[in-house]
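# Examination of the molecular architecture
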Amino acid sequence: MVASKRTHVAVGVILNPDGQVFISRRHAHLHQGNKWEFPGGKVEAGEDVYQALCRELLEECNIQVKTAAPFTLISHDYPDKQVLLDVWLVTAFSGQPQQQEGQEWRWVARHELTAYPFPVANEIIIERLQDAPEMLGAKG
Ligand SMILES: Nc1nc2c([nH]c(=O)n2[C@H]2C[C@H](O)[C@@H](COP(=O)(O)OP(=O)(O)OP(=O)(O)O)O2)c(=O)[nH]1
Ligand SMILES: [Mg+2]
């Protein structure tokens, strides 16, 4: 049997001081197109996941990560692709996040996340974001 290739993805749940989360909408032509997402992307060769997180959030949202902590790790098999989502909570950053790649984006309250279509793999992230208020307080 040939070992399958799982794509390691660094994902950032960016929280602002009001406790809102930054989300954007994937372009239609991409895998999981038109779904909402947390910014992030593939970990490249020679990078660790934190480096990939910082690079992707700079490229996609134009912020510099100052404080981030691992939140959850999700291994998910889509019919067409296998991913490992390495999800981090980003609680301090410099710059004002703005989507850099022409995608729709917005800040939403955590309880509003359930109203947006996300990829199936994200369900557990969104659940955990409802449940963990003590971890999510805005940090000064
Ligand atoms: N960024 C991101 N990717 C997600 C989420 N949920 C989810 O299943 N994925 C999947 C979709 C993709 O198959 C993969 C990440 O791919 P990506 O398109 O963001 O990767 P990338 O930014 O490096 O893209 P590229 O430049 O190589 O095209 O992870 C999510 O919340 N955020
Ligand atoms: Mg991406």
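Reading the values: the criteria
- Residues numbered from 1 in each chain as written.
- Chains lettered and ligands numbered in written order.
- Predicted model: local features only at pLDDT ≥ 70, side-chain atom pairs only at ≥ 80, totals over all residues.
- Near = placed C-beta within 6 Å.
- Nonpolar A, V, L, I, M, F, W, Y, C, P; charged D, E, K, R; others polar.
- UniProt positions renumbered as here; feature names shortened; annotations may be inferred.
- Helix = DSSP H or I, 4+ residues; strand = E, 2+ residues; numbered from the N terminus.
- Contact = placed C-beta atoms within 7 Å.
- Core = buried A, V, L, I, M, F, W, Y, C linked by C-beta atoms within 7 Å.
- Buried ≥ 20, exposed ≤ 12 C-beta atoms within 10 Å, placed from the backbone.
- pLDDT = per-residue confidence, 0-100.
- Pairing = 2+ DSSP bridges.
- Axes fitted to C-alpha atoms, helices over the stretch in contact; angles between N-to-C directions.

### Re the site of ligand 1
Around ligand 1, the structure places 17 residues, and the nearest of them are Glu-37, Gly-40, Gly-41, Lys-42 and Pro-119. Grouping the constituent residues of the shell around ligand 1 by class yields eight nonpolar, six polar and three charged.

### Observations concerning the UniProt feature "binding site: Mg(2+)" (unreviewed entry) in the protein chain
Within this structure's numbering, the places UniProt gives as "binding site: Mg(2+)" (unreviewed entry) are Gly-40 and Glu-60. Judged by maximum C-alpha separation, these annotated positions cover 21 residues in sequence but sit close together in space, the widest gap being only 7.5 Å. By the element assignment, Gly-40 lies in strand E4 (residues 40-42). When near neighbours in sequence (up to four residues on either side) are disregarded, Gly-40 contacts Val-9, Ala-10, Val-11, Gly-12, Leu-53 and Glu-56. Summarising the element assignment, Glu-60 is placed in helix H1 (residues 49-61). Setting aside chain neighbours within four positions, we find Glu-60 in contact with Pro-39, Gln-99, Gln-100 and Glu-101.

### Let's talk about the nonpolar core
Across soluble globular proteins, nonpolar side chains have a tendency to be buried as a group. Val-13, Leu-53, Val-65, Trp-88 and Val-90 are the most contacted members of the largest nonpolar core, which totals 31 residues. Looking at this core, the elements with two or more residues in it are strand E1 (6-14), strand E2 (20-25), H1, strand E5 (64-77), strand E6 (82-94) and helix H2 (123-131). If one sorts the elements of this core by residue count, E6 sits on top with seven residues. When neighbours within four sequence positions are excluded, Trp-88 is seen to be in contact with Val-11, Gly-12, Val-13, Leu-53, Ala-68, Ala-69, Pro-70 and Phe-71.

### Some words on the confidence of the model for the protein chain
Of all residues in the protein chain, 91% attain a pLDDT of 70 or more, and the chain-wide mean is 92. With pTM at 0.92, the complex prediction returns an ipTM value of 0.94.

### Structural notes on the pairing of E2
Here E2 runs beside strand E7 (residues 105-109); their pairing, made up of five bridges, is antiparallel. Looking across to E7, one finds that Ser-24 is bridged to Trp-105.

### Here we look at the sheet that holds E5
Spatially, four strands are ordered E4-E1-E6-E5 in an open sheet, and the strand pairing comes out mixed. At either margin of the open sheet sits one strand with a lone partner, and together these are E4 and E5. Pairs of neighbouring strands in the sheet enclose a mean axial angle of 20°, with direction left out of account. Across three bridges, E1 lies against E4 in antiparallel orientation. Bridging from a neighbouring strand, Val-11 pairs with Gly-40 of E4. Sheet contacts for H2: E1, E5 and E6; angle to E5, the most-contacted strand, approximately 130°.

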